[in-house]
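One-letter residues, chain by chain:
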Amino acid sequence: MFLSLLVLTTALAISGIAAYYSIIGLAAIFAAAAVPVIIMGSVLEVGKLVTVTYLHRYWRQSPFLLRSYLVIAVLVLMFITSMGIFGFLSRAHIEQTTVTGDNILKIERIESKIGREQRTIKDADGVLFQLDEAINVLIEYDRIRGDEGAIAVRERQKSERQDLSKIVSSAEDRISELQSELIVLEKGQLELEAEVGPIKYIAEFVYGERADKSMLEEAVRWVIVIIVAVFDPLAVALLVAWNDLQMRITPVPPIIKTPNPPPRPKPKPKPDVPTKEELEQMSKQGYVWDVDTLSYKRIKAGATS
């Protein structure tokens, strides 16, 4: 009894979860009619379980055409359930891949901004270097003082140098902010890659090389196919097993067909009782009517009528 209850509970649990995933997957495929699809999927899942129970218990007693149709219907419903589960798992993988892709795009944009700020700093440093080179040339030719001397030139460069310093300082501050954002995104990217890690190792184990994006997608599809192949079929098989256990505990009495009764014997026709005129005529011919045998008998010589 415990085993029977355990098998039934497991079968219903797997079937219920499979139906849930399947209905969500089908609703995602037919998003424009989500509510009708949910109602239809729920009723079909219940009908499938009832059909499996009926077929197992009354396989021999059910007509051939009905039995054939119900078997085909169960197989088609199992395929539909598996298709819905496939859609549900595929959607989950696509959403995860989309999040990963969005994160990569954000990281690339921030890295691009950091690169622009670094080029700004490089350009400013280049201008400062040119200003320094101009002063170094004046110093080299011993032209330090005077209106065209190095000191005067440096004084004239003071405002430009301050502007360049502000540009460099602003770019460095901006780079610091972008790097802080980049650290957060890279940490999230590592977490997302850690979630994809198992399937990545499976792909590399199967294909024997470093898995690229196409290999990962193919590996994910095969994992989903394997899950689908054992999900709903296992629920149906366990339901059949539960029916088998129930029939062992309380077997269904076979339907005994009553044989056709033997034909009744036809009653012997009763002979007609002769009339008075027939008796007189037969008596003249030497016959008499025997009441015991209901037939005529010849009169013996010397007998009286």
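Notes on the structure follow.

Structural notes on the overall build of the protein chain
Thinking step 1. Scanning the protein chain from N- to C-terminus turns up six helices and two strands.
Thinking step 2. Secondary structure elements in the protein chain, listed N-terminal to C-terminal, are α-α-α-α-α-α-β-β.
Thinking step 3. Considering only contacts in the protein chain between residues 6 or more positions apart, those separated by 24 or more positions represent 65%.

A few points about a nonpolar patch on the surface
Thinking step 1. Judged by side-chain polarity, I29, F30, F79 and M83 come together as a nonpolar surface patch covering roughly 420 Å² of accessible area.
Thinking step 2. Within the secondary structure layout, F30 lies in the loop between α1 (2–29) and α2 (34–57).
Thinking step 3. For F30, a relative accessible area of 47% gives the class partly exposed.

Overview of the packing of aromatic side chains
Thinking step 1. Within this structure, the stated rule accounts for two aromatic pairs.
Thinking step 2. When the ring of Y20 is compared with that of Y21, the centres are 5.8 Å apart and the planes differ by 55 degrees; the resulting orientation is tilted.
Thinking step 3. The partly exposed category is assigned to Y21, whose relative accessible area is 26%.
Thinking step 4. Here Y54 and Y58 contribute two aromatic rings whose centre-to-centre distance is 5.7 Å and whose plane-to-plane angle is 35 degrees, an arrangement assigned as tilted.
Thinking step 5. According to the relative accessible area criterion, Y58 is partly exposed, its value standing at 34%.
Thinking step 6. Its guanidinium or amino end placed over the ring of W59, R67 lies 4.8 Å from that ring's centre, counting from NZ or CZ.

A closer look at the side chain of R67
Thinking step 1. Relative to the helices and strands, R67 resides in helix α3 (residues 64–140).
Thinking step 2. Relative accessible area serves as the criterion here: at 17%, R67 is assigned to the buried category.
Thinking step 3. Beyond its immediate sequence surroundings of up to four residues, R67 is in contact with L55, W59, R60 and S62.

So, the side chain of S22
Thinking step 1. Its place among the elements puts S22 in helix α1.
Thinking step 2. In this structure S22 comes out as buried when scored by relative accessible area, which is 2%.

Some details on the packing of α1 against α2
Thinking step 1. Between α1 and α2, whose axes approach to 9 Å, the crossing angle comes to 150 degrees. Put simply, α1 runs roughly antiparallel to α2. Pair α1 / α2 crosses with right-handed handedness. For the pair α1 and α2, the contacting residues are L12, S15, A19, I23, L26 and A27 in the first and A34, V37, I38, G41, S42, E45 and L49 in the second.
Thinking step 2. For the contact of α1 with α2, a count of residues per class yields nine nonpolar, three polar and one charged.

A closer look at α2
Thinking step 1. The end-to-end C-alpha separation of α2 is 35 Å, in line with the 34 Å expected for 24 residues at 1.5 Å each.
Thinking step 2. Looking at α2, one finds that the buried residues are V37, G41, E45, K48, L49, T51, V52 and L55.

Here we look at the environment of A11
Thinking step 1. Residue placement: A11 occurs in helix α1.
Thinking step 2. Taking relative accessible area as the criterion, A11 reaches 2% and is therefore assigned buried.
Thinking step 3. Along the backbone, A11 and A235 are 224 residues apart, and their C-alpha atoms lie at a distance of 4.7 Å.
Thinking step 4. Each residue touching A11, except ones within four places of it in the same chain, is listed here: A235, L238 and L239.

Overview of the environment of L185
Thinking step 1. For L185, the location among the structural elements is in helix α4 (residues 150–207).
Thinking step 2. Spatially, the C-alpha atoms of L185 and K106 are 7.7 Å apart, while their sequence positions differ by 79 residues.

Some words on the pattern of salt bridges
Thinking step 1. One pass over the full model with this rule turns up two salt bridges.
Thinking step 2. The partner of E45 in a salt bridge is K48, and the shortest N-O contact between them spans 3.0 Å. In this pair, E45 and K48 both sit in helix α2, three residues apart, roughly one turn of the helix.

A word on the nonpolar core
Thinking step 1. Counting residues in hydrophobic clusters, the biggest one holds 20 residues, and the most contacted among them are I14, V52, V74, I85, F231, L238 and L239.
Thinking step 2. Contributing elements (two or more residues each) for this core: α1, α2, α3 and α5 (213–249).
Thinking step 3. Looking at this core element by element, the count peaks at nine residues for α5.
Thinking step 4. Apart from residues lying up to four places away in sequence, V52 is in contact with V74, V236, L239 and V240.
Thinking step 5. By size, the runner-up hydrophobic cluster in this structure holds 14 residues, among which are I107, I110, I114 and L185.

The rules behind the values
Residues numbered from 1 in each chain as written. Predicted model: local features only at pLDDT ≥ 70, side-chain atom pairs only at ≥ 80, totals over all residues. Heavy atoms only, no water. Helix = DSSP H or I, 4+ residues; strand = E, 2+ residues; numbered from the N terminus. Contact = heavy atoms within 4.5 Å. Patch = residues over 30% accessible without salt bridge, like charges linked within 9 Å, V, L, I, M, F, W, Y side chains within 5 Å. Areas by Shrake-Rupley, 256 points an atom, 1.4 Å probe, with all protein chains shown as cover. Salt bridge = Lys/Arg side-chain N within 4 Å of Asp/Glu carboxyl O. Buried < 20%, exposed > 50% of the residue type's maximum accessible area, 1.4 Å probe, protein only. Phe/Tyr/Trp six-rings, centres within 6.5 Å; stacked < 30°, edge-to-face > 60°. Lys NZ or Arg CZ within 6 Å of the ring centre and 35° of its normal. Axes fitted to C-alpha atoms, helices over the stretch in contact; angles between N-to-C directions. Parallel < 35°, antiparallel > 145°, perpendicular 65-115°, else oblique. Left-handed = near helix turned anticlockwise from the far one by under 90°. Nonpolar A, V, L, I, M, F, W, Y, C, P; charged D, E, K, R; others polar. Expected span 1.5 Å × (residues − 1). Core = buried A, V, L, I, M, F, W, Y, C linked by side-chain atoms within 4.5 Å.

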